[in-house]
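# Summary of the model geometry
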Amino acid sequence: MPSPSPTPPTARHDEVVPILDFGSQTAQLIARRVRELGVFTLLVSPSISPKELLAMNPKGIILSGGPSSVYESGAPKCDPAIFDLGIPVLGICYGMQLAAHVLGGEVKPSREREFGRAHIALSGTRNVLLHGVPDRTTVWMSHGDQVSDPRGVFTPLASTPTCPLAAAVCTTPDASGRPRQFYGVQFHPEVTHTPHGMDLLRNFVYEVCKARGNWRMSDFAETMAAQVRAQVGDGHVVCGLSGGVDSAVVAALLHKAIGSQLHCVFVDTGLLRNGERELVESTFRDHFKIDLRVADAGEQFLADLAGITDPQEKRRRIGHRFIDVFKDAAKHIPKAKFLAQGTLYPDVIESGHGHAGTAAGIKLHHNVGGLPAELGFELVEPLRELFKDEVRKLGSVLGLPDQIVWRHPFPGPGLAVRVLGDITKEKLAILRDADEILLEEIVSANLYRSTSQVFAVLLPVQSVGVMGDGRTYERTVAIRAVETQDFMTADWARIPYDILARISNRIINEVRGVNRVCYDISSKPPATIEWE
Ligand code: XMP
């Protein structure tokens, strides 16, 4: 296992509950829940020393789950002295098993492996950890091993039919003779499938650890700004703006951290929507007074795409051109050593680059790796610990307008994958106008925030219509509106018929060259969100 640096140097707060990350897919989700409770947390390596932990003056410690079994060779371990610091510890799943292994319990393969929903019943012993949790409730389990207790070091707090110690507390004396405050849960309180999981975590941080809960997102901005300053020193940073929320938040954060050492590049691909470039210019150049360089490359992109109909070939050409244009713009920025990127936590974990380096790799994401090596910059990724909704919160704290903070995602290849078939200036103009009307109506119907992504697609289809007394033979626009949590699966949004009618009516009347509008009622899977 690699040994990452245990603690970022500037991550200090007067109240901290660090999480030892044993490689769980949900370690960062635990962190996010603790932050939601208003308590500062950070993921640290399992190899952190008790001295380093004490230096943080932690209110409590959480041990995450992990994919290993405690008996496997190379399974991540922590220093057993961590259980003798007089600090409350909560072990979750693997974290509980590891603690049991140290504190005198036993860890064995479960009679039945439990993956998914399970039902716990609380024991007769009432403990503050489970205050407010009903006697019987659902939890989310994901384990092959479980803890048994032949020496009686644990007090059972909850069980399932196959797991007698689904929750337990250990109060045996520690090395200094103080009663330990170790709590273990075999299930995952951090996931939404455990409906009372937040109660449990709240009880741990407030009732057991006695935290006051004074952490706010503005503190994160301060902490990250300090961390960025420590990383870049007097170096200069290039930040590519896309118009989307992630890169916008990175730019606003870096501006706060390093002011004029930040230089933003916005590539106008000629494949953007109406008003996109203007919004970026007015926000970053006019409002934040950031050095914003706009690379006007529409003609080059269009020339590359002439006659190309295959979606993957479109993406490939756009990707290559983008790198060339970006490189060229960055070349003119003096002393630029760093490249800022809006990589979020789900991108990191999906690439198997979790804190402990042990999270199983699931897929390679385009944000992680690739571009920087090609450009020769060192990366600055201040959003690596955050989830999307936290990024939006941070954006608001940093003063970004709602229009950017709540912006729906827009794909890098832009309208090129929404004009189906070959791309021309005329088709792009038709699609831009249709898309603008669509979004205007969605916003005025108050549906922008409740939908995840709404856009128009120009189909390579012409059909017969009648306008006035004349026959028309014109283009078709499809409307796509989806609701989704993670964009991996999505359902089509049930936009009310009268709003769809207005959108269709306006597009057909106001956009020359369109005589038909269709509504896409496909879910993902089997369809994808984009049409290409
Ligand atoms: P699909 O179409 O795969 O889209 O269901 C899922 C999400 O990803 C966006 N998307 C892209 N984003 N480059 C991007 O930066 C791309 O090539 C790309 N293709 C799709 C899409 O808009 C949706 O939010």
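For the structure, check the block above.
A brief report on the enclosed structure follows. (Residues numbered from 1 in each chain as written. Predicted model: local features only at pLDDT ≥ 70, side-chain atom pairs only at ≥ 80, totals over all residues. Heavy atoms only, no water.)

Before going further, it helps to examine the packing of aromatic side chains. Any aromatic ring pair is given by two values, namely how distant the centres are and how the planes are angled relative to each other. Going through the model one piece at a time under the given rule, you end up with 7 aromatic pairs. Ring geometry for Phe 83 and Phe 182: centres 5.9 Å apart, planes at 75 degrees, overall edge-to-face. Here Phe 182 lies in strand S9 (residues 182-185) and Phe 83 lies in the loop between strand S3 (61-63) and strand S4 (89-92), a separation of 99 residues in the sequence. Residue Phe 182 is classed as buried on the basis of its relative accessible area, which comes to 2%. A network of ring pairs unites the aromatic residues Phe 83, Phe 154 and Phe 182 as a single cluster. Across from the ring centre of Phe 387, 5.3 Å away, lies the NZ or CZ of Arg 32, which sits over that ring. The residue whose ring lies beneath Arg 273 is Phe 410, and the NZ or CZ to ring-centre distance is 3.9 Å. (Phe/Tyr/Trp six-rings, centres within 6.5 Å; stacked < 30°, edge-to-face > 60°. Helix = DSSP H or I, 4+ residues; strand = E, 2+ residues; numbered from the N terminus. Buried < 20%, exposed > 50% of the residue type's maximum accessible area, 1.4 Å probe, protein only. Lys NZ or Arg CZ within 6 Å of the ring centre and 35° of its normal.)

Right, let's talk about the sheet that holds strand S13 (residues 336-340) for a bit. Across the sheet, which stays open at both edges, the 5 strands sit in the order S12-S11-S10-S13-S14 with parallel pairing between neighbours. The outermost strands of the open sheet, each flanked by one partner alone, are strand S12 (291-296) and strand S14 (378-380). In this sheet, adjacent strand axes meet at a mean angle of 35 degrees when their direction is disregarded. Bridge analysis of strand S10 (residues 236-241) against S13 gives 4 bridges, and the strand direction is parallel. (Pairing = 2+ DSSP bridges. Axes fitted to C-alpha atoms, helices over the stretch in contact; angles between N-to-C directions.)

On to the nonpolar core, then. Counting 126 residues, the largest nonpolar core has Leu 20, Phe 284 and Leu 394 as its most contacted members. For this core, the element with the highest residue contribution is helix H6 (residues 245-258), accounting for 10 residues. Beyond its immediate stretch of four places on either side in the chain, Leu 394 contacts Met 217, Phe 220, Ala 221, Val 249, Leu 253, Leu 383 and Leu 386. Ranked by size, the runner-up nonpolar core spans 37 residues in total, among them Ala 27, Leu 157, Ala 166 and Leu 201. (Core = buried A, V, L, I, M, F, W, Y, C linked by side-chain atoms within 4.5 Å. Contact = heavy atoms within 4.5 Å.)

Excluding glycine, residues mostly have negative phi values, and the peptide bonds linking residues are mostly trans. For the bond from Lys 524 to Pro 525, the omega torsion is -20 degrees, close enough to zero to count as cis. If you trace the backbone, Pro 525 turns up in the segment after strand S18 (514-519). The omega torsion across Pro 525 and Pro 526 is 10 degrees, close enough to zero to call that bond cis. Here the phi dihedral of Asn 57 falls at roughly 55 degrees; this positive angle occurs in a residue that is not glycine. By the secondary structure assignment, Asn 57 is in the loop between helix H2 (50-55) and S3. Under the relative-accessibility criterion, Asn 57 is labelled exposed at 53%. The residue Lys 210 is not glycine, and still its phi comes out positive at about 60 degrees.

Enumeration over the complete set of coordinates arrives at 35 salt bridges. Across the salt bridge formed by Glu 441 and Arg 506, the nearest N and O atoms sit 2.8 Å from each other. In this pair, Glu 441 sits in helix H14 (residues 425-444) while Arg 506 sits in helix H15 (residues 497-510), placing the two residues 65 residues apart along the sequence. We note that Glu 441, like Arg 506, is buried. Taken together, the shared-partner salt bridges in this structure form one network comprising Asp 268, Arg 277, Glu 281, Arg 285 and Asp 296. (Salt bridge = Lys/Arg side-chain N within 4 Å of Asp/Glu carboxyl O.)

The environment of the ligand is made up of Arg 315, Pro 409, Pro 411, Gly 412, Pro 413, Gln 453, Phe 487, Lys 524, Thr 528, Ile 529 and Glu 530. One of the side-chain N or O atoms of Arg 315 is found 2.7 Å from an oxygen atom in the ligand. Contact between the ligand and Gln 453: an oxygen atom at 2.8 Å from a side-chain N or O atom of the residue. Out of a free accessible area of 490 Å², the ligand has 73% covered by protein chains. Broken down by class, the residue content of the shell around the ligand amounts to 5 nonpolar, 3 polar and 3 charged. (Near = heavy atom within 4 Å. Polar contact = N/O pair within 3.5 Å; in protein donor to acceptor, adjacent residues only side chain to side chain. Areas by Shrake-Rupley, 256 points an atom, 1.4 Å probe, with all protein chains shown as cover. Nonpolar A, V, L, I, M, F, W, Y, C, P; charged D, E, K, R; others polar.)

Okay, the environment of Arg 321 next. Relative to the assigned elements, Arg 321 resides in helix H9 (residues 311-331). Separated by 20 residues in the primary sequence, Arg 321 and Phe 301 place their C-alpha atoms 6.8 Å from one another. Not counting residues within four places of it along the chain, the set of residues in contact with Arg 321 comprises Gln 300, Phe 301 and Asp 304.

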